[in-house]
Structures are given as structure tokens and as C-alpha cells.
Number of protein chains: 2
Amino acid sequence: MSRVYNFCAGPCTLPLPVLEAVRDELVDFRGTGMSLIELSHRSPAYEDVHEEAIASFRQVFGVPEDFEVLFLQGGATLLFSTVPMNLVAEGEPVAYVRSGTWGRTAEQDAAVFADAYPAWDGAPHGYTRMPRVDELEIRPGTRYLHVTSNETIEGIRVSAFPDVGVPLVADMSSDYLSRPIPWERFDLVYGGAQKNLGPAGLAVVVVRRERLGEPPRPLGSYLRFDLHAERRSLLNTPPMFAIYVMGKVLAWIRSMGGVEAMERRAAERSGRIYAAIDTSDGFYRSPVDRADRSHMNVVFRLPTEELEAAFLRAAEAEGLVNLKGHRSVGGIRASVYNAMPDEGVDALVTFMRAFAEQRA
Amino acid sequence: MSRVYNFCAGPCTLPLPVLEAVRDELVDFRGTGMSLIELSHRSPAYEDVHEEAIASFRQVFGVPEDFEVLFLQGGATLLFSTVPMNLVAEGEPVAYVRSGTWGRTAEQDAAVFADAYPAWDGAPHGYTRMPRVDELEIRPGTRYLHVTSNETIEGIRVSAFPDVGVPLVADMSSDYLSRPIPWERFDLVYGGAQKNLGPAGLAVVVVRRERLGEPPRPLGSYLRFDLHAERRSLLNTPPMFAIYVMGKVLAWIRSMGGVEAMERRAAERSGRIYAAIDTSDGFYRSPVDRADRSHMNVVFRLPTEELEAAFLRAAEAEGLVNLKGHRSVGGIRASVYNAMPDEGVDALVTFMRAFAEQRA
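What counts, and where the lines are drawn
- Residues numbered from 1 in each chain as written.
- Chains lettered and ligands numbered in written order.
- Predicted model: local features only at pLDDT ≥ 70, side-chain atom pairs only at ≥ 80, totals over all residues.
- Heavy atoms only, no water.
- Helix = DSSP H or I, 4+ residues; strand = E, 2+ residues; numbered from the N terminus.
- Rg over C-alpha atoms; globule rule 2.2 N^0.38 Å.
- Buried < 20%, exposed > 50% of the residue type's maximum accessible area, 1.4 Å probe, protein only.
- Contact = heavy atoms within 4.5 Å.
- Pairing = 2+ DSSP bridges.
- Axes fitted to C-alpha atoms, helices over the stretch in contact; angles between N-to-C directions.
- Least-squares fit on C-alpha atoms with pLDDT ≥ 70 in both.
- Polar contact = N/O pair within 3.5 Å; in protein donor to acceptor, adjacent residues only side chain to side chain.
- Expected span 1.5 Å × (residues − 1).
- Buried area = accessible area lost by both parts, 1.4 Å probe.
- Salt bridge = Lys/Arg side-chain N within 4 Å of Asp/Glu carboxyl O.
- Core = buried A, V, L, I, M, F, W, Y, C linked by side-chain atoms within 4.5 Å.
- 1 Å grid on protein atoms, 1.4 Å probe; cavity = no way out; pocket = protein on both sides within 12 Å on 5 of 7 lines; lining within 4 Å.
- Points joined across faces, edges and corners; volume = space filled by probe spheres on them.
- Nonpolar A, V, L, I, M, F, W, Y, C, P; charged D, E, K, R; others polar.

A. Region of interest: the overall build of chain A. A tally of helices and strands in chain A yields nine helices and 13 strands. For 360 residues, the compact-globule estimate of 2.2 N^0.38 gives 21 Å, and the C-alpha radius of gyration of chain A, at 21 Å, lies within 12% of that figure. Here the C-alpha coordinates of chain A stretch approximately 60 × 60 × 30 Å along the principal axes. Counting the 360 residues in chain A, one finds 65% classified as buried. Considering only residue pairs separated by 6 or more positions, chain A has 65% of its internal contacts joining residues 24 or more positions apart.

B. How the structure looks around the sheet that holds strand β5 (residues 145-148) of chain A. Residue and element names in this part refer to chain A. Reading across from one edge, β2-β10-β9-β8-β5-β3-β4 is the order of the seven strands in this open sheet, with mixed pairing throughout. Edge strands, defined here as strands with exactly one partner in the open sheet, are β2 (67-72) and β4 (115-121). When the angles between neighbouring strand axes are averaged without regard to direction, this sheet yields 20 degrees. As paired elements, strand β3 (residues 93-98) and β4 share six bridges and run parallel to each other. Following the sheet pairing, Pro 93 is matched in β4 by Asp 115. Across the face of the sheet, helix α2 (residues 44-61) comes into contact with β2, β9 (186-192) and β10 (203-208) while running at roughly 130 degrees to β2.

C. Representation of the relation of the copies chain B and chain A within the structure. For the match of chain B to chain A, the screw axis carries a shift of 0.0 Å, the RMSD comes to 0.0 Å, and the turn is 180 degrees. Both copies of the chain, as the preceding transformation shows, are related through a two-fold rotation axis. Residue by residue, 100% of the interface of chain B is reproduced at the interface of chain A, so both copies engage with the same surface.

D. A look at the side chain of Arg 301 of chain A. All names here are of chain A. Along the chain, Arg 301 falls in the loop between β11 (297-300) and α8 (305-317). By relative accessible area, which is 18% here, Arg 301 ends up buried. Polar side-chain contacts of Arg 301 include one of 2.7 Å to the side chain of Glu 308. Side-chain polar atoms of Arg 301 contact the backbone oxygen of Val 329, separated by 3.2 Å. Leaving out residues up to four positions away in the same chain, Arg 301 has contacts with Phe 283, Tyr 284, Arg 285, Glu 308, Val 329, Gly 330 and Gly 331.

E. Structural context of helix α7 (residues 258-278) of chain B. Residues and elements named next belong to chain B. Here α7 is 21 residues long and its end C-alpha atoms lie 30 Å apart, about the 30 Å a rise of 1.5 Å per residue gives. Regarding α7, the residues found buried are Gly 258, Val 259, Ala 261, Met 262, Arg 265, Ala 266, Arg 269, Ser 270, Ile 273, Tyr 274, Ala 276 and Ile 277. The inward-facing, buried residues of α7 abut α2 (44-61), α6 (240-255), β11 (297-300) and α9 (342-359).

F. View of the interface of chain B and chain A. Contacts between the two partners involve 59 residues from chain B and, on the opposite side, 59 residues from chain A. Where chain B abuts chain A, roughly 4,500 Å² becomes buried across the two surfaces, and 63% of that area is made up of carbon and sulfur atoms. Interface area lost by chain B to chain A is led by Val 27, Ile 37 and Glu 38 of chain B, which between them contribute 14%. Here chain B is connected to chain A by two salt bridges. When the shortest N-O distance is used, the salt bridge between Glu 38 of chain B and Arg 3 of chain A registers 2.6 Å. Across the chain B-chain A interface, the total number found is 18 residue pairs in polar contact (both at pLDDT 80 or more). Counting only elements with at least two residues in the side of chain B that touches chain A, the list comes to α1 (16-24), α3 (75-87) and α6 of chain B.

G. View of the nonpolar core. Core analysis: the largest hydrophobic core is formed by 134 residues, its most contacted members being Phe 57 and Phe 61 of chain A together with Phe 57 and Phe 61 of chain B. Ignoring any residue separated from it by four or fewer positions in sequence, one finds Phe 61 of chain A in contact with Met 172, Tyr 176, Leu 177, Arg 179, Ile 181, Trp 183, Val 189 and Val 259 of chain A. Within the second largest apolar cluster, 60 residues are counted, among which are Phe 225 of chain A together with Leu 70, Leu 72 and Val 207 of chain B.

H. Layout of the sheet that holds strand β4 (residues 115-121) of chain B. Residue and element names in this part refer to chain B. Taken in spatial order, the seven strands of this open sheet run β2-β10-β9-β8-β5-β3-β4, and their pairing is mixed. Either end of the sheet is taken by a strand with one partner, and the two such strands are β2 (67-72) and β4. Across the sheet, the axes of successive neighbouring strands diverge by a mean angle of 20 degrees, strand direction being ignored. The pairing of strand β3 (residues 93-98) with strand β5 (residues 145-148) spans two bridges and is classified as parallel. In the sheet register, Tyr 96 faces β5, and the bridge partner there is His 146. Docked against the sheet, α3 engages β2, β3, β8 (168-171), β9 (186-192) and β10 (203-208), running at close to 160 degrees with respect to β9. Running over the sheet, helix α4 (residues 101-110) touches β3, β4, β5, β8 and β9 and is turned about 160 degrees from β3.

I. Structural detail: empty space enclosed by the protein. Tallying each qualifying case throughout the model produces nine cavities of 30 Å³ or more. Roughly 90 Å³ of internal volume is contained in the largest cavity. Together, 13 residues line the largest cavity, and Ala 200 and Ala 242 of chain A together with Ala 200, Phe 241 and Ala 242 of chain B are the ones closest to its centre. For the lining of the largest cavity, the secondary structure elements donating two or more residues are α6 (240-255) of chain A together with α6 of chain B. If one sorts the elements of the lining of the largest cavity by residue count, α6 of chain B sits on top with three residues. Residues belonging to the lining of the largest cavity are distributed by class as follows: eleven nonpolar, two polar and no charged.

Okay, structure coming up:
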């Protein structure tokens, strides 16, 4: 089979030149006579890869000097626990925006380690929009406000990060490095790599250095951000292959114009799909508020579930794959992460118009 | 450069046919039109890889029916925390053998979550041997005895797992699947994949199912073994690439005759290196007790540090690389994990004899 356009919500499509470069040096990494996955994590050959990935991440995302970049394992799911473990003491109040599946999950795990409360709950709105700033209820003494910058399943995003007088903590798993952020409002940003950055098995934390003292509770070594920072994410053997691939993806993002270009591109590309929805005379329907539509995960419905099934079958036959919506919301979801080629978006939009014309 | 013999203590050499197969399907995984690292972890193509890896691990290691196999992230280092977190309540006594660097580190992390105490301390012996069974001091009420089955840095191993009336928990990171174990004595076995099993970024836990009830303390979701077991290690996105490569390594181990063959091979191969040491008229010297010599990491010294440096330079010139001992113990360390070809051991032994003859 020739290469498909993979609209999966993650893990997902990666730039083809990255995959080809990984393949070409898979057995012999840069003349070492070894594969990268056979290198010692203390070897100069790997240390170059590691340091270059840290430097590239900082450069591409515009990370300020007073933040540390950590490469960790366990995904955002482990970070749902370790972020509150490291930032606050037991019983301290932390606010969570219940914006969708991931915002809710993050809050549930945080509640084990802190007094996590909802600053806003999207349930009455069916998780179809983000809160307005004046809807956020922040209690006195709150240590941070947690937001999910993009809800992968529901297809909504924080269009502007709120300024609410407490530091922000953001799970950016599904829109990492697709947009610049106002660093001055943030204490910590985190996310899994497996959407915009590289393969599964790596999470990246960016944390304000002054939050990294002795942790506010006793913790085992792997759970401590301060130790990972001190050891430059080499406290133990890191997920070397994922870091290596991410380094190549970061170089590719740079070659494409950086995060600002990714942001423009994401707005333009998702915009074309939303336009195909909005101009379909109601054949396609976006269930979410226009202002909060995700630029990464375009969720839409067709008139019936039968038509949705037919849409998925016909799309797959044309090499447009993994367009099925998450089982919890149904319908269609087109994820157009950074690495999706423009041609994939063109093909999808053309297909959508043709399918609507035939079946409407 | 042509392929070298890589004696690194981990990450380390992998079977060349495995690397070649990974390379060949890196860009297009089995006709999907996608790379394995672009697949959804919920896709049938990946689920096959995942289930096959679980089944192979069970089969190759002879895991009994009443144990679960979990694929986790964070390495053995995170497990130093999560094993006591999941198995015991705060304040409950757990015994640790301080056999070397890793035994000590495991105990330090466990002490945060339980009443961890040393059942035996190798410090007075310079960590050159393991305890005899009658030297182990187990307090009443102890929930488990933790052993490090092979101390990677010091080069010693547990030659026979003790029967002490409390369940064993073993960190087998550096001799995983190089020997069968008496499952009836164990509650849990764990280890990082990056020595005998595959790339870094994956840890495998084998845990007795009856230990997997509601955890004895409140825990965030990623920290809970019971949830990982329920979800067959698909609670969140797993380290798919590492699991996939491990699957291929497991098939390779099977093709070589399984764990019993690995055990015989390890005894024979390390035995040849120890013989080169013991018959060198004192030029080479093993610092550890003969009965506890590791079959994976052969540690030895030369008469002077200058000779050791010359040995490392000359070995590297012949394509025998990563033979330097850990900085904390110095000297030479030849790690001969499962995937080291016999020819690598032959080449090392030949080199050792020639070097001793020239320089003695």
C-alpha cells in the first residue's frame, strides 16, 4: 500500500522525511557501528542527540531562560499526578477547568494529592465550549489554574489563555508547538509527545525554575521534577528513541518556519475543513461553539450514523484513514496535527464536498 | 564503520536481525501505509503487536497463569517508588538487600512509602558478594524481601533465590530473561527493558494477581498497577515502539532456544571470560566472590589504571567497545547480555589473552 493520509488523534502522522532519515540510520547510527537504540545514554553520541533536542525544543517553543525543559516518561497521565505532587502540598487548593475528557481526568488525579476543585464545569454545555474568563471561579489561596489547551476528543480549544491572577498550568498534549503561548502567565506546561512532537513514550514538561525547590512532600526519585532538572533528564535511562525522533521533528518544524508558521498553518488548514462543514447546507455539522473550535481536531457529524459509516468507508478507500470520532462522542474527527501534509487536507476537503454532493 | 561488538551495560547491543527488520518496516508497517510509530494505540495493527508481546513474554519467561504482565514507563527507577506504593501501606515493614548500587537506590525510594529496612548490608564487604540465606535478617510482619538479582555496576548476582518465608520482589533489570526463576517464591518481578529485552523507555512488571486489589493508599491513575492490569497496559498510550522491538527480541530468544538456552549460554560465555581472568597469572583480577560472579556483567581490573586505559584504547581499535567499568568502581566491565553474539565473546577473550601476553 502506498502512504496514506492519517488523520488519527494520536499517535499520528509524522513528517515523511523524518521517518526516512530514522530508517536510513536505524542499523548504524552516524558511523558508530551501533543503532541509536543500542547506544549508552551516557555516550557522547547520545548526549549530543539529547542536548540538541533540549536546545531545539527551547528555541522552537520560545521557552524563556527561567524555565526548565524536562523529558519524562508515563505520558500526560502520569503528569496528572506528578504535577500537583511537585507543585503543591496536600490540602492546598488548585483549580481545574472541566473542559472535557482530559480536563476531567486531570482533575480526578489531582484530587488525590491536593484540594482540586472545578473552576468551571463544561458538563451542562455538553463540553462544546470553553469558559469565558468571567465564568471562572477562583477561590482565595488557589495555587494554580489548570487548563487543557485543546480537548482532543471534544474538539475545542482555549483560544486565549486567561489572565486570572493565579499562575496557569496547561496540558498541551494535543496542541503542543502548534501555537506560541504567553509564558509570563504560566508556571508549567506539559504534554505527551505522540501528537505534534514524535512517537509515544515521551512527555515534555516546561516548568518555571523557581517552582523547583525541594518538593512540598516526600517523593521517590523518579517522581521529583527537581531531580530530573538537576540531571538534565538523565536521572535514569531516558526514552532515547522518542527523544531522538522528536529532535528530527523539531528540526522539521524549524525548517517550516517555526511555531508561528505552525499556528498560521493550523488556523488556515482547520479553517478550510470548517468551511467545508459550514458551506454544506447542513449536511455536515460542527457540534462545538465556533469561537472555541479546535485547530487540531476537527469534530463533525453527518445527518445519520449510517452516513457517517459510509463516509468512513469511502474515505478509507481513498487513503484518508483514522477519521472516526472517539467512541464517547461519535461522528467524525479529522486531526490535522503539524505533520499532516497540506495535500492531506486538500484531499479531505475535496472528498467531503464530493461525498456531500452525492449523498445530500 | 562496520558493526562493533558493544559491551555496554545498557542500553546495549540488540540482535542484528531485529534491527534490520525494524529498519525494513520503519516507513511502512506491514502494508498499512504508515509507520508503526504513527499507528493509533487502539488500532488493530498495533493491538496485534501489543498482545503478541504480552503472550511472548509470558511464554518465554514461563510466567504462571496467576501473574499479570504489565508494560510500563519510567524504568525501574519509577518502580522503586510504585512497587511499595502498590504493595504495602505506609509504615508497613519491607526488607531490602543492600547488595550494591541498585539495591541501595531501590531501598532509598521505598523508604518514602513504607518502613524499608536492610535485611543485609553489603557495604562492609565492598559490595563484592551477595548474602548467604542465614545472613538475612527478616523482621516479623515483613511484607516482602526485595532483591536485586544482578547488580549491574558491581558485577554480582543472586545465584539462588532465597526461601525465607516472605514473598520475594526482584529487580531483574540486568538479568531479565537470562534465567528461569522459581515463581512460587515471588510476588513481583520488574525491570527496565534496555538490557536484555529491547530499547530504553519500557519497563516490564510481572505481579501476582492476588496482590492487585484496591491499592493500600490513594494513588493517581498511572501509579496504580491494578488499573494497568485491568486495561492490559493500554490505560494510556504505551511506549509502542519499545514494545514492538521487544516483541521481535522475544521471538529471537525463542528461536535461540528460550530462557533455558539463554541461561546455559550466559554461564558458558561469562565463564570463558572469567577463565581468561583466572588463568592470566594475576594480570586480570576479578574483585568479586567467585560464587556470586555475574553472568551478565563481568567486572575486572588490570594491574594499573594506566594499563586499564591502554586496554580500553586497544580494544576499541579492534571494534570491542564500551568496556569501561562504571565510574564508581573503575576498571573494566564486559556486559554480555543475551544479544551479544558468541563471536563478540570469542573476540574479547582472544584480545584479553593477547593483551596480557604483550603487557604482563
